[in-house]
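So the chains spell out like this:
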Amino acid sequence: MEETFVPLRGIKNDLKGRLLCYKEDWTGGLRAGIRVLAPTTYIFFASAIPVISFGEQLERNTDGALTAVQTLASTALCGVIHSLLGGQPLLILGVAEPTVLMYTFMYNFSKDRKDLGHGLFLAWTAWVCVWTALLLFLLAVLGACSIINRFTRLAGELFGLLIAMLFMQQAIRGVVEEFGIPKRENPNQTALLPSWRFGNGMFALVLSFGLLLTSLRSRKARSWRYGTGGLRGFIADYGVPLMVLVWTAVSYIPVHDVPKGIPRRLFSPNPWSPGAYSNWTVIKDMVKVPPLYIVGAFIPATMIAVLYYFDHSVASQLAQQQEFNLKKPSSYHYDLLLLGFMVILCGLIGIPPSNGVIPQSPMHTKSLATLKHQLLRNKLVETARKSISKNSDLGQLYRSMQEAYNEMQTPLVYQMPSSLGLKELKESTIQKASTAGCIDAPVDETVFDVNKDVDDLLPVEVKEQRLSNLLQALMVGGCVAAMPLLKKIPTSVLWGYFAFMAIESLPGNQFWERLLLLFTAPSRRYKVLEEQHATFIESVPFRTITFFTLFQMAYLLLCFGITWIPIAGVLFPLLIMLLVPVRQYCLPKFFKAAHLQDLDAAEYEEAPPIAYNMSFEGQDHQVRGTSNIDSGEILDEIVTRSRGEIRHIQSPKVTSTTPTSQEMHAHSPRLTPTACSPRTSQLRLGRSPGKSLEGMEIRETPSPRPSQLGRSVHRSSSSSEVYYPRKI
């Protein structure tokens, strides 16, 4: 995104870029066919369930002025408008918890005032929405979204982890409340007796943890060893919504001798109930609001505008991270302008506005990466089998797959030349082909395993289209009419889903992985190097990693503590925005520039697993680090391995059996030795790079470099073998 503060230039550039690919946004989704339903269903549940919960919370906090009907209607309406007219279709809109907190604050302010009260609450919030929209228009026109360019990984990942903490907090709070007495219930009924309350709470624990654990397991179904590939793929794609249905059915098992109300279920009026639709005509009451309160509405509007500006922009940024390798341009300025119009519309019909939400937006992108991988993989597997049937050699096989890959890429007139392409073949594959002494011999599946090796060649790409966003918004709208069915879902299932979303957003978050590294025993830290790992682990001293992570953790706890303050809690985005000058001016005084570049890089780069042999006093103990893919199906190594994470892998995997450069040189002239990272061996000893490593011999094992197909500049990492000499 071009950083410009010239009025209207940002909006103009966004419209110019997105209009060129608007037609392809729809045709690309239609070409995906029925496969687009998998990400659609996945993100529908991720969007609808929190919105229903927030609606129930609003119903309690506003004495029924707003309910789940209004939050669902807002999410559906804004979602449809954004999918049709928005700039970035990967962005998911919904009613978020900060909006619930702001509306709760405004209701508490107005209900005790005679000239406002409960009757004019929605009319006054309509004026707040008008002021909010005007401020959003001003921010969009003046190019305020250009500041998003200065939000580095430090701020984005901290904000993402904060949202995950808030989701987990809501899940824990909800489960604890299952043991108490709801505010709207009669405490004298049988289901609220102490013994039955305890039973309800324990059953809620079973339902919540049951949904959480089975949902996490179903997301990894493609790596299971049991069942057919089609069955495993179906469970991985649709397992989470199926688990919601399964555990809802389980909640109906204890029917005999159990009082009504156990387990507790969702509560919301039906959209056709008397009085449920009175807020749709709130516009006629706006003239009844006293002028003083119309002017005073500017104060909460300022808070909401800042909140929406930050949430909407950061959600869009996290959905467009560089590791997703998106090809189409961003649209921050125009999307903020469109958000202003949607805020006015929602205010005039008496429903809370929707904005870009986290973690649903990056979850949407990850699910579309899975879809893109499916489409590319199916094409390449078909091409590889045809080439093998024609007795092609390894070079011909690879060229045919390159051609098939290029055919699957949609040419876009506005698009820069792609930096992606198929990665090069693994050295183990080339070695198998050359064992017979002739690299040009016909290849078969003993040399190139089609079901596994194709996945190693594919880069991370995303199926960028509008259809999934539109369909999930329409499905959310359908929930309004299906409210009688939704009220059969136990509230404890919702808390389990909240916890699932919190955990689902963690993989791929470098901040989270550094926290895990801090709690790893020094003697076991070398285990991190046996898997795909971030490059900073090899290039940055552990002491620096520790201090940087502790600073980020302290700042996270400060932001989390602010959310507990009733009024000031909604202003926590200001603390996140403060990280821009902190990162630019303060952190360079405490950390070296090279270390900051690695720890706060814009792109999540990874190094391959490192092979090593270790010999201790009188004992030979060989440890081999391998990361072979168990299943060659969709994104096993990139998505399913850690419940949905997407990482940018700079180098293909290597294993401890990877031959040296001298052995490979005769068969693969493209391989050249690379420098060994001294950080590798130092981490295994739990030392910093500044300390000497006496009595240790390091032998280099080069790792393969990515394909140069369509690439300009690449970095390759290396691995090393470490030998400890034995005493004689």
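This part covers the packing of helix α7 (residues 153-177) against helix α19 (residues 491-504). Orientation of α7 relative to α19, taken along the N-to-C sense of each, is 160°, at an axis distance of 8 Å. The angle between α7 and α19 falls in the class roughly antiparallel. α19 is crossed by α7, and the crossing has left-handed handedness. When α7 is examined against α19, the residues A164, F167, M168, Q170, A171, G174 and V175 are found in contact with a partner set consisting of W495, F498, A499, M501, A502 and I503. Across the contact of α7 with α19, the residue classes tally to eleven nonpolar, two polar and no charged.

Using the criterion set out here, one finds 19 aromatic pairs in the structure. Seen in terms of ring centroids, F234 and Y238 are 5.1 Å apart; in terms of plane orientation they differ by 40°. Their pairing is tilted. Linking F234 with Y238, this pair stays in helix α9 (residues 229-250), spanning four residues, or about one helical turn. Grouped by ring-pair contacts, the aromatic residues F54, F167, W495 and F498 constitute a single cluster. Above the face of the Y42 ring, R219 is positioned so that its terminal group lies 4.3 Å from the ring centre. Sitting over the face of the ring of Y252, R265 holds its NZ or CZ atom 3.9 Å from the ring centroid.

Turning to the nonpolar core, a few remarks are in order. Nonpolar side chains tend toward joint burial in soluble globular proteins. Core analysis: the biggest nonpolar cluster contains 140 residues, and L72, F121, W124, F159, Y497 and I576 have the highest contact counts within it. Among the elements that make up this core, the one with the highest residue count is α7 (twelve residues). When neighbours within four sequence positions are excluded, L72 is seen to be in contact with A48, V51, I52, V476, C479, V480, M483 and L486.

Time to look at the packing of helix α13 (residues 360-389) against helix α16 (residues 450-457). The N-to-C vectors of α13 and α16 enclose an angle of 125°; their axes lie 10 Å apart at closest approach. One element, α13, and the other, α16, form an angle in the oblique class. Remark: the crossing between α13 and α16 carries right-handed chirality. When α13 is examined against α16, the residues H373, R377, L380, V381, A384, R385 and I388 are found in contact with a partner set consisting of V450, N451, V454 and D455.

Another point: the confidence of the model for the protein. For the protein, mean pLDDT is 77; residues scoring 70 or higher make up 77% of the total. The least confident element of the protein, judged by mean pLDDT, is helix α27 (residues 661-665) at 37; the most confident is helix α12 (residues 332-348) at 95. Confidence drops under a pLDDT of 50 for residues 611-728, and excluding neighbours within four residues, the segment shows 282 contacts in the predicted structure.

What follows is about the environment of F209. Mapping F209 onto the fold places it in helix α8 (residues 194-219). F209 sits in the partly exposed class, given a relative accessible area of 48%. Separated by 284 residues in the primary sequence, F209 and V493 place their C-alpha atoms 8.7 Å from one another.

Rules and cut-offs
Residues numbered from 1 in each chain as written. Predicted model: local features only at pLDDT ≥ 70, side-chain atom pairs only at ≥ 80, totals over all residues. Heavy atoms only, no water. Axes fitted to C-alpha atoms, helices over the stretch in contact; angles between N-to-C directions. Helix = DSSP H or I, 4+ residues; strand = E, 2+ residues; numbered from the N terminus. Parallel < 35°, antiparallel > 145°, perpendicular 65-115°, else oblique. Left-handed = near helix turned anticlockwise from the far one by under 90°. Contact = heavy atoms within 4.5 Å. Nonpolar A, V, L, I, M, F, W, Y, C, P; charged D, E, K, R; others polar. Phe/Tyr/Trp six-rings, centres within 6.5 Å; stacked < 30°, edge-to-face > 60°. Lys NZ or Arg CZ within 6 Å of the ring centre and 35° of its normal. Core = buried A, V, L, I, M, F, W, Y, C linked by side-chain atoms within 4.5 Å. Buried < 20%, exposed > 50% of the residue type's maximum accessible area, 1.4 Å probe, protein only. pLDDT = per-residue confidence, 0-100.

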